Amino acid sequence: MTDESRDPLLKDGAAAAPAGDASPPIEAVVYPGAIATRLDHFLNWFRKSSIWYLLFATACCGIELMQTGGPRTDLDRFGAVFRASPRQSDLLIVAGTITYKMADRVRLLWAQMAEPRYVIAMGSCANSGGLFQRSYSVVCGVDKVVPVDLYLPGCPPRPEALNEAILRLQEKMHAERWAAKRKGG
Amino acid sequence: MTPAEIHDRLRARFGDDVVALHADLRDPAIELRPERLRDACRFLRDDDDLRFDFLRSVAGVDRRDAIEVVYHLLSYPRRHTVVLRTRLDRDRPSVPSVHDVWPTADWHERETFDLLGVDFAGHPRLRRLLLPEDWVGHPLRKDYERPAEYHGIPVGRDASPPVARGGGGDRPRPRPAMHEPKAEELAGFLRLNMGPHHPATHGVINFLLETDGEILRRAVPDVGYLHRGIEKLAESNAYLGTMPYTDRVDYLGAIFANHAWALAVERLLGIEVPPRGEYCRVIAAELNRIASHLIATGSLAMDLGAFTPFIHWIREREKINDIMERICGARLTYNYLRFGGVARDIDGETVDMIRRWLDHFDPIIDEFNRLIGENEIFVKRLARIAVISPEDAVAWGLVGPNLRASGVDWDLRRDQPYSVYPELEFDVVVGRGWRGQVGDAYDRFWCRMLEMRQSVRLLRQACEKLPPGDFWAKPKTVKPAANEVYACTESARGELGVFVISDGTDKPYRAKFRTGSFTAMSIIERLSPGLLLADLVALIGSLDVVAPEVDR
Amino acid sequence: MNVVHHAADRCIRWAFGVDPAAWPWTWVVEAAFLLLAAAVLLAFVALFAGPVTWVERRVAGRIMSRIGPNRVGPQGSLQWLADGIKCFLKEDLIPDGADRPLFRLAPYLVFGGMFGAFVVLPFGAHLVAADLNVGLLYLLAVTSLVVVGLLMAGWSSRSKWALFGGVRSAAQLVSYEVPAAFALLAVALAAGTLSLQGIVGAQGGWPWDWFVFRNPFLFVAFFLYFTAAIAEGNRTPFDLPEAESELVAGYNVEYSGMRYLFFMFAEWANLWIMSAVATACFLGGWQVPGVPPDRIAAAEGWAFVGGEALSFAIFAAKASALVLLVIQLRWTLPRLRVDQLMITCWKYLVPLAFAVVLGALVLLALVPEGGLADSILRATLVIFGAAVALLYGRRIRQTYLADRDLYRRMEGKDAWYPPYRLP
């Protein structure tokens, strides 16, 4: 699924190569991290199979978020359930417009989440202010307030699109390196 | 009574304080001196022939040389309307508050103060409503400039790079101001913040609670977390360009907002809609009403702990979404209506689909009632909770199912008819205290269930009577002459009204949206003392409040 | 006979060849076996609590016309493992200003209170970790530790919402212990002993030997205990302490990761305890129909093992049926408000509990066991119970057939397991 150019292991290995060594042999790059990679894959499988998202809906995208949890596009199939408390959630789906009055709260919610945490900006308003960019009270994109992992376009995005976003997030989680970074880098 | 007669009556009573009657407007307005406004309003409310008991909307307008406040009034017993105006000095606009005449004016005036800076003398708590407390400036003024930044976040597009992953913690951020009411001493009482992120507040609404254990002393709604400045944006868009924004005024009842906007502009332009277009509008509107009530009743059930009915309703709503997608291409924000008709036709296949779905949906309502609607625990949670008397409902400006559940027999589709509703048969559902008292939370819930059945009935008739012909009489240009109009539709949450001032250009001068949830929110503070926390949740759910209607 | 003791005895004789009663190191081996028993119980709890979340989510999905987890492992059966390991990998958060020692301690208290009850549960004919002769009393007492834990969690989180949840749960749990205890008291009267193995032994394998059908008051006691136990376990319709839509997760609003998992673990464990105690006290426990307990005790070698396994299977089947019932109730009913909860307990259930105990006592004294009156009573109740069960089954069958027809109509295909109401 992930193509070679995106394989972070090779990138990490290349970065860790000693200076002055133009092209280290592949074994020197791959081998020390192999077990750590397997461990990472193993752990990441658990983490991506159980994404608990925070029930945070501001505007219209919130309704599509609820529809995505509904019977037709059932996010529970992937193990993604909604939690009411930010402490217990891994994923913050910012569904809807963020106003200046709300921005501090979003930041607080994000800060209350336990690491590792992810943010999906769902819908045009969360991506960039959307339809309300020229308004005086709308933050042009939630990425000005919290770091965003995935941008999901749409106004509102269809449930299938949100589903795809969760799958892409799973791919991203799968490619994360914890153990390998510590060992190889 | 006609506006002219009302004007004569006022003139007889108040003489020269009644400045003028602007009879050339589409909705003739009576201009008054600001000092006598409150007395005039009291007279309008109490006089036996006038009996204006419902303050529909208070709109502030920046006329560049003065600030005007426009009051729209309606009389339920006498069934007439009137528009009042006062002109205020632009530098220090001040007008007596009418909150003691109509309690609903409380929030309307706070909003006008917030967005225009008008001082309402005698208002008990004139504070900002929609914008944060420390916001500078009044946005709806024509000379308003956006600030450069707010609390460290730059205002405007591309003004700053996104927060880096893992690096966001380094950027200095002020500690978020947890909203504390500047209240008197609360000895022994618990002060809580419910929201803005809370599963039971339908959207981002904050409640400041003062509780004595489980029993509430007071619950003050703190709104504005979704204030997106739609009214200001409408002033810089062409008329048709505001149509998608009306979708977002009430995302659950997008067609109604579209309809109100279309009605207003069509009245300004003086154009008619062909019959097929009207029937298409009614079909879309009633489908939308059912979809909205599904979410309303489902989320009420979810707030009370039953998740399954909500998911069942989401399942049914998917089918409505399919139909709406066939009709107008979108699942939620339809943007379907145009001035003079609708954007796309409803073809025969879609009508068949609607008919099949109606046959499927009718028994499902019974199943829902067996599961939750008539469930003893559910009834006990809602019966006799938060009873709203008819006088209170009218005085506080409740509309729609909330108003009807309190026993007031008023439905815009029958009493101020628009579109082709006069040709269709339906019953208006009025609260009867089915399981408790008239006007309790269960009545409001049951009204919505029965209204869904009425919508099914309307849909069947509309599908049958759909006439052939053109569905969109497109106007050549949308540049209405200078005029003012107020148009309203019966949305799922009640009267959704639009007050538009045109100035001869292709952009409106002022657009004000009057929504049902706004006033429903304002009554919560009055009803809250003595309620349990769980009852507050039931109350909010039964009032069917959606955040964008409150904040716009 | 205490299986742990017995096993330790035989091990000492076999390994060391000495008489356990005289040997000074007997206690060491016994302690080792006790630890082993605890480990086995812990493993059982873990292997129950995990998969039952998967079962719950699939059942909930079916009730809600959804699918539920089906990607993580075959048919989603490893979902619980993913949830657990993910929680394990989360950051250890303690809110600023929270009472750190109490915050850390609360989950263990809750879990300890729940787990302590597993010691006396009769899993099979001789499968009980410690057959205390005050088993019922011990059970009720140790599960009260949960109240302390929940209050601690609510208070130490330094969040007003958590405090609400903690106080509500304390009130609820303490109140509902009264009707539960009284219902179990009626059972103890009927059995003549507080020991759970004794209570199971006083019943028989066939339904008419179960206590639930013994006399009408015990029939009512079963439902009384079941309701009170659901309230003890914080399940809907009594799940106020963690009312998601009101209190934003109630007492565990500030808990994350592993600590949160402990709370949930305890809740699922309690589900099993509730069902197991109801089974043991009312539904005949592990008694195999047609096989008297002394036959199992007298068997040797593989027959003994087979007998124990059969009794465990029967017990597990009955308890699982009750667990499924509780899950169904959760996804169907709304929740009661806190004052309604209290009113239900103190104004309705407690007087009913008194009546049940008195009535059961009177009937037990007046109606001799084995007589004609006794048989008539039992037969009537068995028929009534069978009728209720049949109605339930008929309803399920009706719904199944309706779904199958609908699926055939809409899809044109036949499916023996039709998805409920295609979305």
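Data block above holds the structure.
Residues numbered from 1 in each chain as written. Chains lettered and ligands numbered in written order. Predicted model: local features only at pLDDT ≥ 70, side-chain atom pairs only at ≥ 80, totals over all residues. Heavy atoms only, no water.

Before going further, it helps to spend a moment on the overall build of chain A. Secondary structure summary: chain A contains 7 helices and 5 strands in total. Sorting the 185 residues of chain A into buried and exposed places 63% on the buried side. Accessible surface, chain A: about 6700 Å² in total, of which carbon and sulfur atoms supply 60%. (Helix = DSSP H or I, 4+ residues; strand = E, 2+ residues; numbered from the N terminus. Buried < 20%, exposed > 50% of the residue type's maximum accessible area, 1.4 Å probe, protein only. Areas by Shrake-Rupley, 256 points an atom, 1.4 Å probe, with all protein chains shown as cover.)

The parts lose accessible area when they come together, and the size of an interface is often stated as this lost area. Facing the 52 residues of chain A at the interface are 68 residues of chain B. Of the roughly 5300 Å² buried between chain A and chain B on both sides combined, carbon and sulfur atoms contribute 61%. Looking only at chain A, the three residues that lose the most surface to chain B are Lys101, Tyr136 and Lys144 of chain A, adding up to 17% of its buried area. Applying the counting criterion to the chain A and chain B interface returns 5 salt bridges. The residue Lys101 of chain A makes a salt bridge to Asp222 of chain B at a minimum N-O spacing of 3.6 Å. The tally of links from chain A across to chain B stands at 18 residue pairs in polar contact (both at pLDDT 80 or more). (Contact = heavy atoms within 4.5 Å. Buried area = accessible area lost by both parts, 1.4 Å probe. Salt bridge = Lys/Arg side-chain N within 4 Å of Asp/Glu carboxyl O. Polar contact = N/O pair within 3.5 Å; in protein donor to acceptor, adjacent residues only side chain to side chain.)

What follows is about helix α6 (residues 145-156) of chain C. Within an α-helix, residues lying three or four positions from one another point in the same direction, as the helix has 3.6 residues per turn. All names here are of chain C. With 12 residues, α6 should cover 16 Å at 1.5 Å per step; its first-to-last C-alpha distance of 16 Å lies within 8% of that length. Here α6 has its buried residues at Val146, Val147, Gly149, Leu150, Met152, Ala153, Gly154 and Ser156. In this fold, the buried residues of α6 make contact with α4 (100-116), α5 (135-142), α7 (160-191) and α11 (257-282). One or two residues past the end of α6 sits Arg158, with phi positive at roughly 55°. (Expected span 1.5 Å × (residues − 1).)

All names here are of chain B. Read across the open sheet, the 5 strands follow the order β1-β2-β5-β4-β3; overall the sheet is mixed. The open sheet terminates on both sides in strands that have one partner only, identified here as β1 (18-22) and β3 (54-62). Each neighbouring strand pair of the sheet contributes to a mean axis angle of 20°, computed without reference to strand direction. Across 4 bridges, β1 lies against strand β2 (residues 29-32) in antiparallel orientation. In the strand pairing of β2, Ala20 is matched with Glu31. (Pairing = 2+ DSSP bridges. Axes fitted to C-alpha atoms, helices over the stretch in contact; angles between N-to-C directions.)

Residue and element names in this part refer to chain C. Closest axis-to-axis distance for the α7/α11 pair is 10 Å, and the angle between their directions is 30°. Taken as axis vectors, α7 and α11 run roughly parallel relative to one another. Along this stretch, α7 crosses α11, giving a crossing that reads as left-handed. In this structure, α7 contributes Ala183, Leu184 and Val187 to the contact, and α11 contributes Val277, Cys281 and Phe282. Looking at the contact of α7 with α11 residue by residue, the classes come out as 6 nonpolar, no polar and no charged. (Parallel < 35°, antiparallel > 145°, perpendicular 65-115°, else oblique. Left-handed = near helix turned anticlockwise from the far one by under 90°. Nonpolar A, V, L, I, M, F, W, Y, C, P; charged D, E, K, R; others polar.)

At the interface, 34 residues of chain C touch 31 residues of chain A. Interface area lost by chain C to chain A is led by Lys86, Leu89 and Lys90 of chain C, which between them contribute 21%. There are 6 salt bridges connecting chain C and chain A. With its nearest N and O atoms 2.8 Å apart, the salt bridge here joins Asp76 of chain A to Arg57 of chain C. When the residues that make up the side of chain C that touches chain A are grouped by side-chain class, the tally is 18 nonpolar, 7 polar and 9 charged.

Moving on: the nonpolar core. Core analysis: the biggest nonpolar cluster contains 331 residues, and Tyr336 of chain B together with Trp272 of chain C have the highest contact counts within it. When residues of this core are assigned to their parent elements, the largest contribution, 18 residues, is made by α11 of chain C. Not counting chain neighbours up to four residues away, the residues in contact with Tyr336 of chain B comprise Ile255, Asn258, Cys280, Ala284, Ile327, Cys328, Val342, Ala343, Arg344 and Ile346 of chain B. (Core = buried A, V, L, I, M, F, W, Y, C linked by side-chain atoms within 4.5 Å.)

Residues and elements named next belong to chain A. Read across the open sheet, the 5 strands follow the order β2-β1-β3-β4-β5; overall the sheet is parallel. Sheet topology places β2 (81-83) and β5 (150-152) at the edges, where each strand pairs with a single neighbour. The mean inter-strand angle of the sheet, taken between neighbouring strand axes irrespective of direction, is 30°. Bridge count between strand β1 (residues 52-54) and β2: 3 bridges; the pairing is parallel. Bridging from a neighbouring strand, Tyr53 pairs with Phe82 of β2. Against the sheet, helix α3 (residues 60-68) engages β1, β3 (91-95) and β4 (118-122), with an angle of about 130° to β3.

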